[in-house]
Amino acid sequence: MTVYFIGAGPGAPDLITVRGQKLVERCPVCLYAGSLVPEAIVASAPATALVRDTAPLNLDEIIALMAEADARGEDVARVHSGDPSIYGAVAEQMRRLDGLGIPYEVVPGVPAFAGAAARLMTELTLPDVAQTVIITRTSGKASPMPESERLEVLGAAKATLAIHLSIRNLAYVEEALTPHYGPDAPVVIVYRATWPDEQIIRTTLSTMRAAVREAKVTRTALILVGAVFGAAHFPDSRLYDADFAHVLRNAGKKRDRKP
């Protein structure tokens with residue numbers, strides 16, 4: 001028996017990995033975070049499977065369901081949104097399973113920031129603009145942020161920021177980042193990336209609060225900040241430069257394609 005922590009992706013049902021989908025299709029127990037995982041993803045569970053939305057359950061109740069499945073010798077598909085490694089709340093589940101001697105595995109998924117970037121059709125790293133992506137959040141009801149990871153500190157890098165779980169903290173985001181990025185810094189707010197009701201708001205640090213208020217977005221949104229979202233002029237990467245040599249290509253030489 002194994003508990004499989006499966007990343008379902010950002011929302012679109014066809015963005016779950018093949019491995020994750022096959023596990024959902026065969027596991028006798030399917031526990032999914034219904035507040036963020038669409039029912040279409042777990043609709044392929046076996047007709048006889050126990051399928052439970054864990055949104056109204058606490059940690060003890062979720063672990064109890066896994067322990068019951070273990071006693072029956074039944075595998076569990078534990079389906080989380082995005083990728084389990086990012087704000088997935090899986091670490092405490094794994095710790096409980098370790099204590100119970102119940103084996104588990106992790107199946108990665110497409111994280112929300114990658115889904116959002118795909119919908120925006122942009123790179124989060126551009127030559128001479130930004131080569132670093134910082135995935136972070138702000139303090140909220142669930143947990144505070146370490147002082148060393150506050151936006152006032154992270155913003156000094158002027159990297160591309162993917163700020164999760166912070167749509168209600170826009171005043172703080174603006175105050176913390178404006179000294180580093182400037183009031184006109186490009187901001188893109190993506191509500192429910194890849195879902196049918198997705199909204200994309202292109203704005204700036206100084207205008208984002210009004211834009212979000214007008215759109216009536218209050219939850220499930222990702223805040224993207226950085227120069228890459230307004231960059232039109234940047235040098236080509238050297239990766240495909242004809243004069244740049246690497247182990248698979250000699251500089252300045254053309255290779256004939258073999259049939």
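Parameters and conventions
Residues numbered from 1 in each chain as written. Predicted model: local features only at pLDDT ≥ 70, side-chain atom pairs only at ≥ 80, totals over all residues. Heavy atoms only, no water. Buried < 20%, exposed > 50% of the residue type's maximum accessible area, 1.4 Å probe, protein only. Helix = DSSP H or I, 4+ residues; strand = E, 2+ residues; numbered from the N terminus. Arc of directions from axis to C-beta. Patch = residues over 30% accessible without salt bridge, like charges linked within 9 Å, V, L, I, M, F, W, Y side chains within 5 Å. Areas by Shrake-Rupley, 256 points an atom, 1.4 Å probe, with all protein chains shown as cover. Salt bridge = Lys/Arg side-chain N within 4 Å of Asp/Glu carboxyl O. Axes fitted to C-alpha atoms, helices over the stretch in contact; angles between N-to-C directions. Parallel < 35°, antiparallel > 145°, perpendicular 65-115°, else oblique. Left-handed = near helix turned anticlockwise from the far one by under 90°. Contact = heavy atoms within 4.5 Å. Nonpolar A, V, L, I, M, F, W, Y, C, P; charged D, E, K, R; others polar. Phe/Tyr/Trp six-rings, centres within 6.5 Å; stacked < 30°, edge-to-face > 60°. Pairing = 2+ DSSP bridges.

### Quick notes on helix H4 (residues 91-100)
Moving on, step 1. Turning to H4, its buried residues are Gln93, Met94 and Leu97. Projected onto a plane normal to the axis of H4, the buried residues spread over an arc of 95° and lie on a single side. Residues of H4 that are exposed and point over 90 degrees away from its buried face: Ala91, Arg95 and Gly99.
Moving on, step 2. Just downstream of H4 lies Gly101, where phi reads positive at about 70°.

### A closer look at a nonpolar patch on the surface
Moving on, step 1. A cluster of nonpolar side chains, contributed by Tyr87, Val133, Ile135 and Leu165, occupies part of the molecular surface with about 340 Å² of accessible area.
Moving on, step 2. The class for Val133 is partly exposed, based on a relative accessible area of 30%.

### Considerations on the packing of helix H7 (residues 170-181) against helix H8 (residues 208-215)
Moving on, step 1. Relative orientation of the contacting elements H7 and H8 amounts to 160°, with a least axis distance of 9 Å. Classified by the angle their axes make, H7 and H8 are roughly antiparallel. The crossing of H7 and H8 is right-handed. The segment H7 lies against H8, with Leu170, Ala171, Val173 and Glu174 engaging Met208, Arg209 and Val212.
Moving on, step 2. Of the residues belonging to the contact of H7 with H8, the class tally is five nonpolar, no polar and two charged.

### As for the packing of aromatic side chains
Moving on, step 1. Following the criterion strictly, the structure yields one aromatic pair and no others.
Moving on, step 2. Summarising the aromatic geometry, the rings of Phe5 and Tyr104 are spaced 6.0 Å apart at their centres and angled 80° between planes, so their arrangement reads as edge-to-face. Here Phe5 is found in strand S1 (residues 3-7), whereas its partner Tyr104 is found in strand S5 (residues 104-107), with 99 residues between them in sequence.
Moving on, step 3. Overall, Phe5 belongs to the buried group, its relative accessible area being 0%.

### A short note on the sheet that holds strand S10 (residues 221-225)
Moving on, step 1. The strand order across the open sheet formed by five strands is S6-S7-S10-S8-S9, and the pairing between neighbours is mixed. This sheet does not close on itself; its edge strands, each paired only once, are strand S6 (133-137) and strand S9 (199-204). In this sheet, neighbouring strand axes are inclined to one another by 20° on average, regardless of whether the strands run parallel or antiparallel.
Moving on, step 2. Note that strand S8 (residues 186-191) and S10 share five bridges and pair antiparallel.

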